[in-house]
Structures are given as C-alpha cells and as structure tokens.
Amino acid sequence: MKIFKDKHTLQKEISKTKGISFVPTMGGLHKGHISLIKRSKKNKFKTLVSIFVNPTQFNKKKDFRSYPRSTKKDLKKLKKLKVNYLYMPTFKDIYGFKPKEKVFLDKFSKKLCGKFRKGHFEGVLNVVNRFLEIIKPRYIFLGKKDYQQLYLIKKHIEKRKIKSKIIVCKTIRENNGVALSTRNSNLNDNQIKIASNIYYYLYKLKKRIKKNYNLFNLNRIKRDLRDLGANKIDYLENYNTKNFKKVKRQSKKFNIFIAYYIKNIRLIDNI
Ligand code: PAF
C-alpha cells in the first residue's frame, strides 16, 4: 500500500493507472468501511482510501476534537485488505486551492441533519468536491447509513456533470441491529444495548405503519424512545428514499430517518 500526504505526488502516481475506485473516510475504520473497501476491490480499478477528519463538517469544535481517531489500527486494516493507495492529506493540501467546480447544495440539505447541524453538509460537499477534483475517480463508494449525505453528493455530481459514478452500498449492522459507525466506539455496553433496543423498536414500527399509517403517532413514539433510553431526539421523520418527499400517509417505499442522543453521543440511522 502506498501512502500519500500530498496531492501532487498522489496525482502523479494515479495518472499511470486506468482509473481509481475511491472510498472516502474519516478513519476510525469499522466493518462498514471494510465492506465498502471489499466491494471496491472487486472491480478492475485500483482502490484508493482517504482518511481525513474534515473539520469543516463539524458544527462544534469539541465534536471535531473528540471524533474517534485510530490511525495505527486503520493502517493495519488497510494493509491487510491490500488497498492500493491511502491518501492522508493535511488541511492545507485539501483547502489550499480553489476548486474548479462550485458546490451544488440541493435544498434537501436544509432538512433532517441539516436542520440540527448547521453547515454540516456544506462542509461535506466542500471536501467531497475537492476530493473528486484531485482524484477524479471512476467510482466513489458511499454507504446508505448516511443516506442524506449520499443523496446530496449524488445531486452535486449530477448537477456539475462530474464523471465519477456513485456505488451505493447497504448499511452494515452488528448482530444486535446497531448500524456500524465510528462514533459507536464512544458507547459503553449499556448504551449499545439501548441503541440495539431502539433499532428493533423502529424496525417493528416500520412494519406496523406500512400496514396502517395511523399507528404513526409521533408523540407516543418519541415517548417510547425516551423510555428506551434516548436522551434527546433531533428528528424522526419518514421519507421516500427515491425522491425524498416526506411520507404522510400509507406508503410502501419509505425509511424512518432518526437522529438521537444516548447521553451526549449523537447517533443517526435510517430503517
Ligand atoms: O461519511 C464520511 O465519513 C464523511 O462525511 C466523508 C464522505 C468522508 C467526507 O468527509
């Protein structure tokens, strides 16, 4: 595995290849990332993983500072997976130039997490736009766990006619149902149990409201979730996953989108 900290050296190297399959990450690699990387390695292009904890997508400095980092362990995992390239840029390498494309931010960025994490998606799109310009990947691998992020990156790529193709990958869950996330490493055993109970509650709720939407009583559901151990619920809303229209009545194709806290740890999921 070749490691790059500087975009010019990286670009020189990858210009010799037929194309790049790109897996962007902020490190803290878990089974979700590993499944993206394994999927990427199945195609004929070389796999490039980036690790960059992007400060512009954190709306609170404290959250940026406490974001779990595990570079040594990450390197071991990536080597084992026989990843071709790792890009670990500095802040200056990413933000020290003016990108050719302007970020396109779809209006859906104002909903869900966009309402509660001001500037978050601006930061995500900003960094992804820069990565796309530096790497010009054939494929970019993104998980459904961050569905809103995935949708907004898709809209940006379409609008700016960027040639990279998104490969959408399913959410990877632990056996207890909890969706893999770097932030899970901040949870203790009891908190994992709470997250698991909340997942199963929402999983069953979705089945029930598919049959009878009248059972979607938000106040009651929020009370149940608090009883299960959620401290604060930022949002709990149903959206059609194709067009992102809010679901208000009987429907088959929707996901329940949630962001909630267990103590001070914020978790998101869509089920
Ligand atoms: O999903 C993430 O880990 C990040 O938002 C991404 C796409 C790597 C951009 O920093």
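Throughout what follows, the structure given in this document is the object of discussion. The model shown is predicted, which means the values in this text are computed figures rather than measured ones.

What about the overall build of the protein?
- The helix and strand tally for the protein stands at 10 helices and 9 strands.
- In terms of overall size, the protein behaves like a compact globule, its C-alpha atoms giving a radius of gyration of 19 Å where 271 residues would be expected to give roughly 18 Å.
- Its C-alpha atoms give the protein principal-axis dimensions of roughly 60 × 40 × 35 Å.
- Partitioning the contacts of the protein with sequence separation of at least 6, the portion at a separation of at least 24 is 74%.
- Carbon and sulfur atoms provide 51% of the accessible area of the protein, an area that totals close to 14,800 Å².
- Across the protein, the mean location of the 71 positive side-chain charges is 4 Å away from that of the 18 negative side-chain charges.

Comments concerning the site of the ligand
- With respect to spatial proximity, the complete set of residues near the ligand consists of Pro 24, Thr 25, Met 26, Asn 54, Gln 57, Val 127, Asp 146 and Gln 149.
- At 2.7 Å, a side-chain N or O of Gln 57 approaches an oxygen atom of the ligand.
- Measuring from an oxygen atom of the ligand, one finds a side-chain N or O atom of Gln 149 at 2.7 Å.
- The fraction of the free accessible surface of the ligand (290 Å²) that becomes covered by protein chains is 89%.
- Grouping the constituent residues of the shell around the ligand by class yields 3 nonpolar, 4 polar and 1 charged.

Calculation criteria
- Residues numbered from 1 in each chain as written.
- Predicted model: local features only at pLDDT ≥ 70, side-chain atom pairs only at ≥ 80, totals over all residues.
- Heavy atoms only, no water.
- Helix = DSSP H or I, 4+ residues; strand = E, 2+ residues; numbered from the N terminus.
- Rg over C-alpha atoms; globule rule 2.2 N^0.38 Å.
- Contact = heavy atoms within 4.5 Å.
- Areas by Shrake-Rupley, 256 points an atom, 1.4 Å probe, with all protein chains shown as cover.
- Lys, Arg positive; Asp, Glu negative; His and termini not counted.
- Charge placed at Lys NZ, Arg CZ, Asp CG, Glu CD.
- Near = heavy atom within 4 Å.
- Polar contact = N/O pair within 3.5 Å; in protein donor to acceptor, adjacent residues only side chain to side chain.
- Nonpolar A, V, L, I, M, F, W, Y, C, P; charged D, E, K, R; others polar.

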